[in-house]
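Examination of the molecular architecture
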Amino acid sequence: MGILLREVKVKCFRFFCSEKTFKFDNGIIVVAGPVGVGKSSLLDAVEFGVFGTCFGVRRRMYSKLDLIHDGCDSAEVEVVLEAEGEGLYRVVRRIGRKGSEEAVLYDPSGEVFRRRNIVNEILRELLGLDVAEFERTVYLNQVFLYTISYGSPALRSRVIDSLLGIEALEKISALVSRYARFVEERVKAVEEEVAEIESEVESLEREAATILPESDVVAGELEAKRAMVSEKRKRLGEVSEELKRLKKSVEEYYRLQGLREYLREQLGGPPPPREELVVEFEKARLRLRDVAKDLLLEEYLKEVDEIGESKEVLEERVKRLKSVLDKIWDIYHKRLENLSELSIERERRRMILSQLEKRIIELDPIIKEYEKLEQTLDTLRKEYGDEKSVRRRLSDLELKYKMLEAAQFDRKCIVELRTRLKKRIQEKGTVKCPVCGSQIQSILAEDLAVNNVHGDKERLESEIKRLREVLERINEVKVKLVEYEEAIVQYRELVDRRESLLSEIDSLSSQIEQAEIKYREIGSRLAAIERDLDFIDEALKKLDLSKKLDEIEDRLEELRGLYSRYTLLQEEQEKLRQSIEELSREIEDLEDELEEKRRVEEELEALRSRLGELEERRERYKGLATLLYRVAEAYRRIQGEVRQEMVGEVTGHLREILRAIYPYRDIEDVRLAVEEKKGKSIYSLEVRVGGEWNSFSSRLSEGQKMIVVLALLAAFFKTVKHNAGFLLLDEPVPNVDVRVKERVFRGLSETLGLRQVVFTTQAVDVAKSLEGAEVLILERGRGCAGK
Amino acid sequence: MSEEERFLGKSVENTLRSKIHEICDGECRKLALEILEAYVYRGERGVKEVLERVIEGGSSGDTAEGSEG
């Protein structure tokens, strides 16, 4: 079955900016046009349509997104293939700017497949080629041509191996060999570990050999010591049991010992005999009786007498007497309290006295003034007499003064009259007497009598004035005395009260002093009685303690035997415990020793086990390394055999194709040879020219080289079994003339049994000159390729 | 599976399979085929995975004793 290319539709794919459709008939199809018009893009479109990828993408020369024409959001390619006898397969592939990809396949039956992996698988099965095989057999690009023509021998060999499809074998072989070496290294590492563990095993085995024979002796010794421990534990149990029984008695012993010490300490020394205490008690009782008598406490007097007559034990009597003593003490204290009240009263009166005296002192200036006034009054009385006589004298003097005044008036009138008469006599010579009517001719002068009256009057006036002042003074004094009278009365009362208070205070002080003396004495007697009674009471208690002490001593004497037994048992118990402990330690040591032996054995066992594992692993690794080397060797052998077979087959096809496509006879023969150099297979392409075999690169022109290499690639096409009925050649022989080119394309078509050969060329004239060839001319137009 | 995940042409694979059957047997054949299968679909990475698994004892490779090449 031959698969033929019928149609290619491109839209925004690589150099094509718009939608273009190319139809392909059988025969030679030449895609011609200048550089950059989309010739190679058209061939890439075929590969993309069939396989969903391109040579450049697979070689990472550009990404899939670079397949989309600049300025477009997506690219679309549709390829129609014809399967002879079956029909047309139409595949549409679309790739988006965001990386989305779609593939739709319409098979001849009209069935549609949309899953990419299914589409790819169907097309791969249809052509019998995968993409790598497609690229090295059907779509022969310039990379292979130029690499084989001008590459180094090593590079050329790699390309030829790649074209033969066997380069993977070398990789696999190398990889497996590397892993085999890695496994060998592991074997070495395991062997080293094995050696180390063997050494450890040996060492442990020696150790085990020295200690293991002693194990029986140690086990026997261990058993004997365990028996001893068991026996001692049994005895310890018995001792512990007895100790437990004795424990209460011993505890009592300890307790009584402590109590005895306490009692001894409390007693201090031996107490006085009871008889002596009875005598002392009687003395105290009588002294208390006296006190009761002194304090006039009849009731208690009787009680004390009753106690004296009582037949009770001394302790009881002491108790009762102490009770009476306490009561008397209470009364004593109450009376003392009363005494205190007297003292308080005395103090209160002293305070009143103090206030009185303060008031008296305040009144003192008034009193002095009063006394002074009294003295003044006395002095006035002494000097002028009493007030009555002063008044009488004053009245007399006033009367006398009035009389003098009248006499003075009379004399004054007489004088005036004489003066007037004298004057008239002088004027008239005679004058009638106003009194007697007689004629008077002269007047005697008597002026002196008038002047004497005046002097008396002044003396009287002075005396009256003085007496009046005295009276006035007396009145003033009397008024003031009356004014001070109240204060004087108050003062006198205060003075009297002060005297009374002083007397009362003296009386109280006397009472208090006497009472204090009395109660002080009674208090000291009561205190002495109390001390004596306390002493007797204490002595009685000590007598009691002494008795208890004797009882304790007796009990301790009884317990001493048990205590000694207990002590002995304790010692035995301690010794047993120590012995058991010592034996336990020895047993532990022996057990450790046995454990150590067991550990050595276990360790030895673990090491032997580990050794076994490692030996097993080592053997496995050894086997694995051998296996890997065999696989690597097998792959190398397969590669060699396949290479030789393919080289033979390729050489046969090469000769045939070269004869068909090369019109001249200067190249007599051609062959592909392979030889091993330094572990690598190096291919050489040789030609026979002038009867001699030489490397094709040394003898041929550039054009001849291209033709030979093209023949070689076509030979690979023929060697590989597939269903492709077309061949795609991208500018295969740029440096040869038109005749050769025509011969090449026709020869390829014929020798390879192809019905379609599609090739690209920039030489449009050559393309046009090819007889019978379909020519697709691509031209530049608005930045896009076009037909 | 897409063609991009295939590392060896089908015709070469078939040739190699027949060669492996021809020159290997037992464990060697088994491992060689396993390696080939791994290479076809996962390339060298697949071969490494197979070999590492075999070394760690996870495949028929761990019973390499007595295998004949």
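All of the points below concern the structure found in this document.

To continue, consider the interface of chain B and chain A. Across the contact, 35 residues belong to chain B and 36 residues belong to chain A. With 12 residues, helix 2 (residues 26-55) of chain B is the single largest residue contributor to the side of chain B that touches chain A. Tallied by class, the residues present in the side of chain B that touches chain A amount to 18 nonpolar, 7 polar and 10 charged.

Tracing the chain through its elements places K622 of chain A in helix 13 (residues 448-661). On a C-alpha basis, the gap between K622 of chain A and E184 of chain A in space is 7.0 Å, while along the polypeptide they are 438 residues apart.

Further remarks concern the sheet that holds strand 11 (residues 669-677) of chain A. Residue and element names in this part refer to chain A. The strand order 11-12-13 describes an open sheet built from 3 strands, whose pairing is antiparallel. Whereas interior strands pair on both sides, the edge strands pair on one side only; in this sheet they are strand 11 and strand 13 (692-695). On average, each strand axis in the sheet is tilted by 35° relative to the strand beside it, whichever way the strands run. Inspection of the sheet shows strand 11 paired to strand 12 (residues 680-689) by 9 bridges, in the antiparallel sense. Note on strand 12: the bridge partner recorded for V674 is Y683.

Moving on, we get to the sheet that holds strand 6 (residues 101-106) of chain A. Residues and elements named next belong to chain A. If you trace the 6 strands from one edge of the open sheet to the other, you get 2-1-4-5-6-7, paired in antiparallel fashion. A strand with exactly one partner marks an edge of an open sheet, and here the two such strands are strand 2 (19-23) and strand 7 (112-113). Contacting strand 1 (3-11), strand 2, strand 4 (74-83) and strand 5 (87-96), helix 1 (residues 39-51) runs over the sheet at an angle of about 80° to strand 4. Against the sheet, helix 3 (residues 116-127) contacts strand 1, strand 4, strand 5, strand 6 and strand 7, and its axis sits at roughly 50° relative to strand 6.

Core analysis: the biggest nonpolar cluster contains 139 residues, and V176, V631, I707, V708, A711 and L712 of chain A together with I35 of chain B have the highest contact counts within it. The greatest single-element share of this core, amounting to 18 residues, is contributed by helix 13 of chain A. Not counting the four nearest positions on each side in its chain, L712 of chain A is found in contact with I148, L654, L672 and L685 of chain A. L277, V291, V318 and L540 of chain A belong to the second largest nonpolar core, which has 18 residues in total.

Here we take up helix 1 of chain A. Residue and element names in this part refer to chain A. With 13 residues, helix 1 extends 19 Å from end C-alpha to end C-alpha; this agrees with the ideal 18 Å at 1.5 Å per step. Counting buried positions along helix 1 yields 13 of 13 residues, so the element is predominantly enclosed. After helix 1 finishes, the residue G52 shows a positive phi value of roughly 75°.

Turning to the packing of helix 1 (residues 10-23) of chain B against helix 2 of chain B, a few remarks are in order. Residue and element names in this part refer to chain B. The contact between helix 1 and helix 2 brings their axes to 10 Å, and the two run at 170°. One way to sum up the angle between helix 1 and helix 2 is to call them roughly antiparallel. Packed against helix 1, whose contacting residues are E13, L16, R17, I20 and H21, the element helix 2 presents R29, A32, L33, L36 and V40 at the interface. Here the residues of the contact of helix 1 with helix 2 are counted per class, giving 6 nonpolar, 1 polar and 3 charged.

Here is what the cut-offs are and how they apply
Positions within a chain are numbered from 1, following the residues in the order the chain's sequence is written. Just so you know, chain letters begin at A and ligand numbers begin at 1, following the order they were written in. Owing to the predicted nature of the model, reporting of local features is limited to residues with pLDDT of at least 70; listing and counting of side-chain atom pairs is limited to 80 or more, with chain, interface and lining totals taken over all residues. With C-beta atoms placed from the backbone, a contact is any residue pair whose C-beta atoms sit within 7 Å. Secondary structure elements are defined from DSSP: runs of H or I of at least 4 residues count as helices, runs of E of at least 2 residues count as strands, and each element is numbered from the N terminus. Basically, the charged four are Asp, Glu, Lys and Arg, the nonpolar ten are Ala, Val, Leu, Ile, Met, Phe, Trp, Tyr, Cys and Pro, and anything else, Gly included, counts as polar. For two strands to count as paired, DSSP must find a minimum of two bridges between them. Think of each axis as a best-fit line through the C-alpha atoms, taken over the contacting stretch in the case of a helix, with angles from 0 to 180 degrees between the N-to-C directions. As used throughout, a nonpolar core is a set of buried Ala, Val, Leu, Ile, Met, Phe, Trp, Tyr and Cys residues joined through C-beta atoms within 7 Å of each other. Counting other C-beta atoms within 10 Å of its own, a residue is labelled buried from 20 upward, exposed at 12 or fewer, and partly exposed in the gap between, with every C-beta atom placed from the backbone. Here the expected span of a helix is defined as 1.5 Å times the quantity of residues minus one. Roughly parallel means an angle under 35 degrees; roughly antiparallel, over 145; roughly perpendicular, 65 to 115; everything else is oblique.

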